[in-house]
Amino acid sequence: MKRLIQYFNFSTLALVCVLVTGSTLAVTLVGCNALTWNGTHHGIRYSIHRDLRNHSIVKGKDGSLMYDSPELVVLSENGKLMINGVESGEVSEGDLVKITDLGTVLVNGQRRGDKLTGHAELQKRLKQGQAVIETHTQAELDYMSDHG
């Protein structure tokens, strides 16, 4: 009987260890895959809701930071904020630049722009990108038809 109790105590302890380890791992993985990236770069704080389709965040050694997605390009460089190619005010050390899930850009809670800022330039950029994709696809189709 004593041996049976020890077996159940060991099994219970093992189960608790597995559950704690699994929970810790789950929390870690969720944190790594979170939709919002929070960080500080050269004294400017950023909270960026990332576009799930395609995005990049590029931090320059000179303090610049660029967020690039299909509909929104935000560049913070030399104290200036550019949204889709349009000057959108200044940023300085201690400021919080927030890109929301709606594509709105806020600096210290004040709206500076959104994914429609510079709409004409953005549409031009999207058309150029689409032309490259169509050309590449056509080239692949041509290759396949020539080489069976």
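Residues numbered from 1 in each chain as written. Predicted model: local features only at pLDDT ≥ 70, side-chain atom pairs only at ≥ 80, totals over all residues. Heavy atoms only, no water.

With respect to the sheet that holds strand 3 (residues 56-59)
Here is step 1 of the chain: Taken in spatial order, the 5 strands make up an open sheet running 3-4-5-6-7, and their pairing is antiparallel. Only two strands of the sheet have a single neighbouring strand rather than two, namely strand 3 and strand 7 (86-90). The average undirected angle you get between the axes of adjacent strands in this sheet is 15°.
Here is step 2 of the chain: In terms of strand pairing, strand 3 meets strand 4 (residues 65-68) through 4 bridges, oriented antiparallel. Looking at strand 4, one finds that Lys59 is bridged to Leu65. (Pairing = 2+ DSSP bridges. Helix = DSSP H or I, 4+ residues; strand = E, 2+ residues; numbered from the N terminus. Axes fitted to C-alpha atoms, helices over the stretch in contact; angles between N-to-C directions.)

Focus: the environment of Leu35
Here is step 1 of the chain: Inspection of the secondary structure assignment puts Leu35 in the loop between helix 1 (2-32) and strand 1 (36-41).
Here is step 2 of the chain: Between the alpha carbons of Leu35 and Ile48 there is a distance of 8.2 Å; along the sequence they are 13 residues apart.
Here is step 3 of the chain: Aside from chain neighbours lying at most four places away, what touches Leu35 is Ile48, His49, Arg50 and Leu52. (Contact = heavy atoms within 4.5 Å.)

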